[in-house]
Amino acid sequence: MAKKKKAKKRIGILTGGGDCAGLNPAIKWATKGLLDPEMSEEFGNNFEVIGFRNGWAGVLNYDPKGKQDDYFIKLNEDVVRTWDRFGGTNLGSSRTNPLKNKQTLNKTLKNFEDLGLHALICIGGEDTNSVGHGLSLKGKNIVGIPKTIDKDLMGTDYSLGFSTAVEVIREEIGRLRTTAGSHNRIFVVETMGRHAGHLALQGGIAGGACMILIPEFDFDVDKVMEILNDRKKSGARYDIVVVAEGAKPAKMSKELTTDKDLDEFGHVRLGGIGTFLRKEIKKRDIAEVRSVVLSHLQRGGEPNHYDVRMGRAFGLAAAELIHREYFGRMVSMRDNCISSVPIYEAIRRDNDGKIMLNYVNIDVEYDVDRYIAKRRVMNMKMF
Ligand code: F6P
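Quick caveat: nothing in here was measured; it's all calculated off a predicted structure.

Caption draft 1: Helix α1 (residues 23-35), seen in detail. Across its 13 residues, α1 extends 18 Å between first and last C-alpha, which sits within 8% of the 18 Å expected from 1.5 Å per residue. When you tally the buried positions in α1, you get twelve out of 13 residues, the bulk of the element. Among the residues of α1, L23, N24, P25, A26, I27, K28, W29, A30, T31, G33, L34 and L35 are the ones counted as buried.

Written out as structure tokens, the structure is:
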């Protein structure tokens, strides 16, 4: 039986951290789910939806005396109608951290009140969801949606953006293959993947790389050269090696970085391992060698079919959690079903205070002798 319609309540949506494909579909369908006449009727809700600009920055910097449009925009079915066709996030994103200090936290909590915010959907990875969790502990009504092309978030088998990024890697390797073949060259392709190698591994498999180096397993430079030499001897005219930005040789104490600056969540920018390997290959004169950093190409472009569909499913699920007043949870995919987990499950910390991540399972997925995906795939979990 339909419940009596309640007074209008304001729900916010934001996208935090690195952008990726799949965010706009999630915003669109969260909005449509929140405003859905059937669900509103069933749960007796009457929502107004706003989208914060530039992630947590929109919430933190909100000034009731300022220009509203600088902080948020109103979302409805007309506004978001075509959003699922586009990559990135039409709301904008940032790595702003409202939990940076007491002052920013208090300002954020006050802004929740000033904005009359009943609940907030935050779409992001470990950082965005850890802020969501922190605010949840302060009594705010939060629902999370997982996104990160690294697919390293706990509590879910899928996070938005991963599938499209894998597709980009496959396509780019396809392009490099023709030029590598024409010149009998080795190409080293550096992918993103700060701590986890899912992107490099799956992108490398999809693109047919001969070797894939991932952060979960420190490699031996001599062994890499041996494998390339063996391939040459057995007739390979060219080769594609994929290396994740967070991968490193066993003898190197730390991952290579592009600069030393930290973002508000304490992350450095990784990069340089592709160039390092190119130089090592050149030194040994195995073949002519070039390196390519795929970088933000992996995050750009329109979402593929999977990220459009998963964005829809995750967005609608987040809306339903809010209709049901089921807060402090993150939407999740488990065993191919859409469900939810307490946000806490996605951002638990280990004894050193580091957020626990979902890594490539070396025993099951990675061949540590051949530096490539395992050939025994029975019972292996695919996304
Ligand atoms: O966290 C996702 C990610 O794409 C990482 O793979 C990468 O290290 C990082 O973001 C890059 O961030 P930025 O866009 O701030 O350079």
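After that view of the structure, there is still more to cover.
Caption draft 2: Structural view of the site of the ligand. Lining the immediate environment of the ligand, one finds R95, I149, D150, M192, G193, R194, E245, R269, H296 and R299. Contact distances for the ligand include 2.7 Å between an oxygen atom and a side-chain N or O atom of R299. Protein contacts shield 82% of the accessible area of the ligand, which totals 400 Å² for the unbound molecule. Class assignment of the residues belonging to the shell around the ligand gives a composition of two nonpolar, two polar and six charged.

Caption draft 3: Representation of the pairing of strand β8 (residues 239-244) within the structure. By the criterion of burial, β8 is predominantly enclosed, with six of the six residues buried. By the alternation rule, side chains of β8 split into D239, V241 and V243 and I240, V242 and A244, which are all buried. In terms of strand pairing, strand β6 (residues 185-191) meets β8 through six bridges, oriented parallel. Within β8, the position partnered with I186 by the bridge is D239. For strand β7 (residues 211-213) and β8, the ladder comprises three bridges, and the chain directions are parallel. Looking at β8, one finds that I212 is bridged to V242. The β-α-β motif built from β7, the intervening helix α9 (residues 221-233) and the parallel element β8 has right-handed crossover chirality.

Caption draft 4: Spatial organisation of the domain arrangement of the protein chain. Annotation of the protein chain at the domain level lists domain 1 (9-160 + 303-346) and domain 2 (165-299 + 360-373). Computed over C-alpha atoms only, the centres of domain 1 and domain 2 are separated by 34 Å. Facing the 16 residues of domain 1 at the interface are 15 residues of domain 2. Counting the surface domain 1 buries against domain 2, the share from its top three residues, R95, I149 and D150, is 41%. Between the two partners, domain 1 and domain 2, sit three salt bridges. Residue composition of the side of domain 1 that touches domain 2, by class: four nonpolar, four polar and eight charged.

Caption draft 5: Highlighting unusual backbone geometry. The phi dihedral of D335 falls on the positive side, at around 50°, and the residue is not glycine. Its place among the elements puts D335 in the loop between β12 (329-334) and β13 (337-342). A relative accessible area of 59% places D335 in the exposed class. With a phi angle near 55°, Y371 is a residue other than glycine that sits in the positive phi range. Take Y371: it is sitting in the loop between β14 (366-367) and β15 (372-373).

Caption draft 6: Region of the structure containing the nonpolar core. Formed by 81 residues in total, the largest nonpolar core has its most connected members in I13, L213 and I240. Broken down by element, the residue count for this core peaks at eight residues, all from helix α11 (residues 305-323). If you count residues domain by domain, this core takes at least three from each of domain 1 (9-160 + 303-346) and domain 2 (165-299 + 360-373). In this structure, Y62, C122, A346 and L357 belong to the second largest nonpolar core, which totals 26 residues.

Caption draft 7: Main features of the pattern of salt bridges. Scanning the model with the defined rule gives 24 salt bridges in all. With a closest N to O distance of 2.9 Å, D218 and K248 form a salt bridge. One end of the pair, D218, is in the loop between β7 and α9; the other, K248, is in the loop between β8 and β9 (257-259), with 30 residues separating them in the sequence. Assessed through its relative accessible area of 32%, D218 is described here as partly exposed. The partner of R231 in a salt bridge is D239, with the nearest N and O atoms 2.7 Å apart. What emerges from the salt-bridge pattern is a single network uniting D157, R334, D335 and K381.

Caption draft 8: Examining the packing of α9 against helix α10 (residues 273-283) more closely. Two numbers describe how α9 lies on α10: the axes approach to 11 Å, and their chain directions differ by 60°. On the basis of their axis angle, the class for α9 and α10 is oblique. Where α9 crosses over α10, the handedness of that crossing is right-handed. Here V221, V224, M225 and L228 of α9 come into contact with α10, specifically with F276, L277, E280 and I281. Here the residues of the contact of α9 with α10 sort into seven nonpolar, no polar and one charged.

Caption draft 9: The sheet that holds strand β2 (residues 47-52), seen in detail. One open sheet holds the seven strands; their spatial order is β3-β2-β1-β4-β5-β12-β13, and the pairing between them is mixed. Of all the strands in the sheet, just β3 (72-75) and β13 have a single pairing partner and so form its edges. Each neighbouring strand pair of the sheet contributes to a mean axis angle of 30°, computed without reference to strand direction. Sheet analysis places β12 next to β13, joined by six bridges and oriented antiparallel. Paired with V331 across the bridge in β13 is S340. Contacts from helix α5 (residues 102-115) reach β1 (9-15), β2, β3, β4 (117-124) and β5 (142-146), with the element oriented near 125° to β4. In this fold helix α6 (residues 126-137) packs onto β1, β4, β5 and β12, with an angle of close to 155° to the strand it touches most, β4.

Quick notes on the rules
Residues numbered from 1 in each chain as written. Predicted model: local features only at pLDDT ≥ 70, side-chain atom pairs only at ≥ 80, totals over all residues. Heavy atoms only, no water. Helix = DSSP H or I, 4+ residues; strand = E, 2+ residues; numbered from the N terminus. Expected span 1.5 Å × (residues − 1). Buried < 20%, exposed > 50% of the residue type's maximum accessible area, 1.4 Å probe, protein only. Near = heavy atom within 4 Å. Polar contact = N/O pair within 3.5 Å; in protein donor to acceptor, adjacent residues only side chain to side chain. Areas by Shrake-Rupley, 256 points an atom, 1.4 Å probe, with all protein chains shown as cover. Nonpolar A, V, L, I, M, F, W, Y, C, P; charged D, E, K, R; others polar. Pairing = 2+ DSSP bridges. Right-handed = clockwise from strand over helix to strand, strands pointing away. Domains from an automatic or database assignment. Contact = heavy atoms within 4.5 Å. Buried area = accessible area lost by both parts, 1.4 Å probe. Salt bridge = Lys/Arg side-chain N within 4 Å of Asp/Glu carboxyl O. Core = buried A, V, L, I, M, F, W, Y, C linked by side-chain atoms within 4.5 Å. Axes fitted to C-alpha atoms, helices over the stretch in contact; angles between N-to-C directions. Parallel < 35°, antiparallel > 145°, perpendicular 65-115°, else oblique. Left-handed = near helix turned anticlockwise from the far one by under 90°.

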